[in-house]
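# Chains, contacts and geometry: an overview
Chain by chain, the residues run as shown.
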Amino acid sequence: MAKRRLRIALAGNANVGKSVIFNQLTGLNQIVGNWPGKTVERAEGPLHFKGYKIRVIDLPGIYSLSAFSMEEIVSRDYIAVEKPDVIINVVDASALERNLYFTFQLLELEAPVIIDLNQVDFAAKKGIRIDAEKLSEALGVPIVPTVAITGSGMNEMLSMVIAVISGEKKLKPLKVRYGKEIEKRVETLEKLVSSKLPQLCMVYPARWVAVKLLERDVDVAGKVKNYEKGKEVLDRAEKLAAELEKIHGEPSPVVIASERYALANEIAKEVTIVEAPPRIGLEQKLDAMTTHKILGYPILIMVVASMFVLIFIGGNFVSAGLEFLFENLLLYVEGVLSSFLPEIAVELINKGVLAGVVAGITIALPYIVPFYIILALLEDSGYLPRAAFLMDNLMHKIGLHGKAFIPLMLGYGCNVPACIGCRIMETERERFLAGFVVVLIPCAARTVIILGLVGRFIGLHAALALYAFDLVLVFILGRIAFKVLPGEPVGLIMEMPPYKKPSIRNILMKTWSRTKDFIYIALPIIVFGGVTIEALALSGFMDYIIEVASPLINGWLGLPAVTGIPLIFGILRKELALVLLGNVLLQQGMVLQDLTAIQMIVFSLVTMIYIPCIATIATCAREFRWRKALAIAVIDIALALFLGGLAYRLLSLVT
Amino acid sequence: MKDVVSLTSLREGEIGVVAHAVGGFGLVRRLAEMGLTPGVKVKVLRRGPFHGPFQIEVRGVALALGRGVASRVFVRPLRMESSG
């Protein structure tokens, strides 16, 4: 049989096990976005099955195909414009009604749909069985029951994909029909659309365009406007939608959504067999405990605290070992290179390129990897939405909602994934607002400085005071940004998926793909930055910078002028700043302890606030564009210097 | 409309039938898409701490709604133990 190339897309709600299925299908060779189910980027991976070469595309987890979020627009445009060969609609058997709402919209897009009825085991636990055959009859598309976490049903599903492709299995998809009043208007508009906008109908089904226009979909209206006769169609749609609203007394999208849900309810009822009353299992008890008014908070604190203890203890251990290994390796490489290269080149390669690579590895492996593992564990088990639930009220104070707690917490590990994590916020304004406060959260590297300098030489109370100050700062700045940025705050509407036993395989796969992503973004930038700064130092330009910066560093901040060097290098890797601080002081015949308590606090405070490392800035630029990333950097530098100088003066007064 | 109250006035365990939602176009639409359409039954599972969010069950799914969002959803209570 000749090899054939196929494209299949996975589509469905969030929390239905879509990313697990994607991992099962594609294994380790994926090109992937970060928060599965929560990113705009699409994850893609290859798959070979029965002589077919298949590209699997994982669309974001969404609840609808309206223009609510970028994720929804990206998904529907991909389905309509790129027309994948098959769409596997992953449906949660334990929440059929809500999932069918989405399925109907796929059917309205006239996409070739196969339904993966997932989590049938979980549904059984809830005492529910779905009659797959009946459901298949009702929808006119094939249905394959699966338990993705164990891989059960995957082969059958792929065989079904092939059967549909080869024409062995015919699709007779259900035509989603509405009540008389809506249907009449949809049909009128559909006729108008297909006669006036033939080009648009080559891409999108006329009926779908008609329904979307009746729903007052801004994105589709924008597309229609581009056509010569678009205005005529839009005017008509507006009139029809207004009529609908007059009849039902509700906004037209609500009217249409209600009808879709009514149909979903009808079909779900028909095919659902309630076999046993739901058992009150461990999941419900866990749920009650972790969202409890009082008990919930100590649990949240314990979870977060043990996460960091694990990361730091484990990370320090591995990091020390790796550093020892690489130090010797670097010495060896230096020896080899010196034999045939001039000294300057050796320095540049060693301290610039290699040190950067080593830095990336010694921090990425020991701190980021365990961090990602624990994060995946919290995600897959379903704890994160509970944490968001508990923190919603507090987050509202800075104009965000509970979900923002998740990237904020990630920030304590590393700002890079935290910035990417801001994508879970719904609107662009919310994302930027979250990103703005996230970079102020002291990451693991900054914690190393705070603990290693202030904590070690002044005492833990001083270090904790710095953290507390940081939280206050986050709160104040968040509030200011929230007032200054235009736009309305968005309230929390979030699904609380039931607790589930996470799969080790899925956790490891997630960790791997995220680590890979981190290395791709961070490493080149760290290396490039390392070479640049090393070149500045070698050319003697650094001394000049230090001299120019001296009034600022020495005069304003009250620090020895040489500390400008670790502050500048800190842009690359903040925990490097502490080592460097020791080195430059040593050149002056001093040790860390020779700094006064005030100097230690000022140095730590400045490193805590001034721009997060270069990798974070690059990530911010990727997420929010360069202009906003630079704005963040400039604000943070100015703030750090201002507060540093202020602290120096105030503390000098007190002591 | 008589007997229509905000979702926030329901206590834990109480059930209401959605009458309508009040708010911006985007919010009302989003709520409908998440299943909170007029006529559907919602059960308050949990009232969040410190004037916090609501956890509700609708169409077999648990949702968290911020307090502000929940206060914009109006329901007809099915069972009210007292008129408080």
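Rules used in this analysis
Residues numbered from 1 in each chain as written. Chains lettered and ligands numbered in written order. Predicted model: local features only at pLDDT ≥ 70, side-chain atom pairs only at ≥ 80, totals over all residues. Helix = DSSP H or I, 4+ residues; strand = E, 2+ residues; numbered from the N terminus. Rg over C-alpha atoms; globule rule 2.2 N^0.38 Å. Contact = placed C-beta atoms within 7 Å. Buried ≥ 20, exposed ≤ 12 C-beta atoms within 10 Å, placed from the backbone. Core = buried A, V, L, I, M, F, W, Y, C linked by C-beta atoms within 7 Å. Domains from an automatic or database assignment. Nonpolar A, V, L, I, M, F, W, Y, C, P; charged D, E, K, R; others polar. pLDDT = per-residue confidence, 0-100. Pairing = 2+ DSSP bridges. Axes fitted to C-alpha atoms, helices over the stretch in contact; angles between N-to-C directions. Parallel < 35°, antiparallel > 145°, perpendicular 65-115°, else oblique. Left-handed = near helix turned anticlockwise from the far one by under 90°. Expected span 1.5 Å × (residues − 1). Bend = angle between axes of the 7 residues up to and from the residue.

## Topic: the overall build of chain A
- Secondary structure summary: chain A contains 27 helices and 9 strands in total.
- Here chain A has a C-alpha radius of gyration of 28 Å; the compact-globule value for 655 residues is 26 Å, and the two agree.
- With respect to the three principal axes, the spread of C-alpha positions in chain A is 85 × 55 × 55 Å.
- Taking contacts inside chain A between residues at least 6 apart in sequence as the whole, the part at least 24 apart equals 73%.

## Some remarks on the overall build of chain B
- The helix and strand inventory of chain B stands at 2 helices and 6 strands.
- Each helix and strand of chain B, ordered N terminal to C terminal, gives the series β-β-α-β-β-β-α-β.
- Taking 84 residues into account, the globule formula puts the C-alpha radius of gyration at 12 Å, and chain B, at 12 Å, falls close to it.
- Dimensions along the principal axes, computed over C-alpha positions, put chain B at roughly 35 × 30 × 25 Å.
- Residues classed as buried in chain B amount to 45% of the 84 residues present.
- Restricting the contact set of chain B to residue pairs at least 6 apart, pairs at least 24 apart contribute 57%.

## Observations concerning the nonpolar core
- I114 and L214 of chain A together with L63 of chain B are the most contacted members of the largest nonpolar core, which has 212 residues in total.
- When sequence neighbours within four positions are dropped, the list of residues in contact with L63 of chain B reads I493, M494, E495 and M496 of chain A together with M34, I56 and V58 of chain B.

## Looking at the domain arrangement of chain A
Residue and element names in this part refer to chain A.
- Under the domain assignment used here, chain A contains domain 1 (4-165), domain 2 (180-248), domain 3 (296-489 + 508-519) and domain 4 (531-654).
- A C-alpha centroid distance of 19 Å is found between domain 3 and domain 4.
- Opposite the 32 residues of domain 3 that make contact, domain 4 presents 31 residues.
- Mapped onto the side of domain 3 that touches domain 4, the elements with two or more residues apiece are α15 (343-381), α18 (415-421), α19 (428-438), α20 (444-457) and α21 (460-484).
- When residues in the side of domain 3 that touches domain 4 are grouped by element, the largest group, 9 residues, is from α20.
- When its residues are assigned to classes, the side of domain 3 that touches domain 4 shows 24 nonpolar, 4 polar and 4 charged.

## Quick look at the confidence of the model for chain A
- Here chain A averages 87 in pLDDT, while 97% of its residues score no lower than 70.
- Counting contacts from residues 34-39 of chain A, a segment whose pLDDT is below 50, to residues more than four positions away or on other chains yields 24 contacts.

## A short note on the pairing of strand β3 (residues 52-58) of chain A
All names here are of chain A.
- The element β3 is largely enclosed, with a buried count of 5 among its 7 residues.
- Note that strand β1 (residues 4-12) and β3 share 7 bridges and pair parallel. Its bridge partner being in β3, R7 is matched across the sheet by R55.
- When strand β2 (residues 43-49) meets β3, the two strands line up antiparallel, connected through 7 bridges. Residue pairing for β3: H48 is matched across the bridge by K53.
- Between β2 and the antiparallel strand that follows it, β3, lie 2 residues; K50 among them carries a positive phi value of about 45°.

## Some words on the packing of helix α3 (residues 96-108) of chain A against helix α12 (residues 252-271) of chain A
All names here are of chain A.
- One can describe the packing of α3 onto α12 by two numbers: an axis separation of 8 Å at closest approach and a directional angle of 125°. Viewed along their axes, α3 and α12 adopt a mutual orientation that is oblique. In this structure, the crossing between α3 and α12 has a hand that is right-handed. Each of L96, E97, L100, Y101 and F104 in α3 lies in contact with α12, whose residues at this interface are R260, Y261, L263, A264, N265, I267 and A268.
- The residue makeup of the contact of α3 with α12, split by class, is 9 nonpolar, 1 polar and 2 charged.

## Points about the interface of chain A and chain B
- Taken residue by residue, the interface counts 30 residues in chain A and 30 residues in chain B.
- Counting only elements with at least two residues in the side of chain A that touches chain B, the list comes to α3, α12, α16 (383-396) and β9 (493-495) of chain A.
- Here β9 of chain A runs beside strand β5 (residues 61-65) of chain B; their pairing, made up of 3 bridges, is antiparallel. By the bridge assignment, E495 of chain A is partnered in β5 of chain B with L63 of chain B.

## Section: the pairing of strand β2 (residues 15-21) of chain B
Residue and element names in this part refer to chain B.
- Here β2 runs beside strand β3 (residues 41-47); their pairing, made up of 3 bridges, is antiparallel. Bridged to V17 within β3 is K41.
- By the bridge criterion, 5 bridges tie β2 to strand β6 (residues 73-77) in an arrangement that is antiparallel. Among the inter-strand pairings, V17 is bridged to a residue of β6, identified as R76.

## Section: unusual backbone geometry
Residue and element names in this part refer to chain A.
- We note that K83 has phi near 40°; this positive angle belongs to a residue other than glycine.
- Along the chain, the position of K83 falls in the loop between α2 (70-82) and β4 (86-92).
- C-beta crowding within 10 Å serves as the criterion here: with 14 such atoms nearby, K83 is assigned to the partly exposed category.
- In the Ramachandran plot, E110 falls in the positive-phi region, its phi being about 55° despite a non-glycine side chain.

## Quick look at the sheet that holds strand β7 (residues 143-145) of chain A
Residue and element names in this part refer to chain A.
- Strand order in the open sheet made by the 6 strands is β2-β3-β1-β4-β5-β7, with mixed pairing throughout. A single partner strand is all that each edge strand has here, and the edge strands are β2 and β7. Each strand of the sheet is rotated relative to its neighbour by a mean of 25°, with strand direction disregarded.
- Judged from the 3 bridges that link them, strand β5 (residues 113-118) and β7 form a sheet pairing that is parallel. Note that in β7 the partner of L117 across the bridge is P145.
- With respect to the sheet, α3 is in contact with β1, β4 and β5, its orientation differing from that of β4 by roughly 165°.

## Quick word on the environment of L325 of chain A
All names here are of chain A.
- Within the secondary structure, L325 is located in helix α14 (residues 296-338).
- Accessibility expressed as a C-beta count within 10 Å gives 13 for L325, which makes it partly exposed.
- Here the alpha-carbon distance between L325 and K500, two residues 175 residues apart in the chain, equals 40 Å.

## Observations regarding the sheet that holds β2 of chain B
- Strand order in the open sheet formed by 7 strands is β9(A)-β5(B)-β4(B)-β3(B)-β2(B)-β6(B)-β1(B), with antiparallel pairing between adjacent strands. Each edge of the open sheet is held by one strand with a lone partner, namely β9 of chain A together with β1 (5-6) of chain B.

## Regarding helix α23 (residues 541-556) of chain A
Residue and element names in this part refer to chain A.
- For α23, which comprises 16 residues, the first-to-last C-alpha distance of 22 Å matches the rise-based estimate of 22 Å (1.5 Å per residue) to within 8%.
- Along its length, α23 reaches its greatest deviation from straightness, about 55°, at A549, and the proline P551 lies no more than four positions downstream.
- Once α23 ends, the next one or two residues include G558, with phi positive near 70°.

## Here's the deal with the packing of helix α26 (residues 597-609) of chain A against helix α27 (residues 614-654) of chain A
Residues and elements named next belong to chain A.
- Axis separation between α26 and α27 bottoms out at 8 Å; the angle between their running directions is 160°. Between α26 and α27, the angle is such that the two are roughly antiparallel. In this structure, the crossing between α26 and α27 has a hand that is right-handed. Facing I598, I601, V602, L605, V606 and I609 of α26, the residues of α27 in contact are D636, L639, A640, L641, L643, G644, A647, Y648, L651 and S652.
- Class assignment of the residues belonging to the contact of α26 with α27 gives a composition of 13 nonpolar, 2 polar and 1 charged.

## Quick word on the environment of E426 of chain A
Residues and elements named next belong to chain A.
- Position of E426 among the secondary structure elements: in the loop between α18 and α19.
- Separated by 357 residues in the primary sequence, E426 and S69 have C-alpha atoms spaced 6.5 Å apart.
- Setting aside residues up to four positions removed in sequence, E426 forms contacts with S69 and V490.

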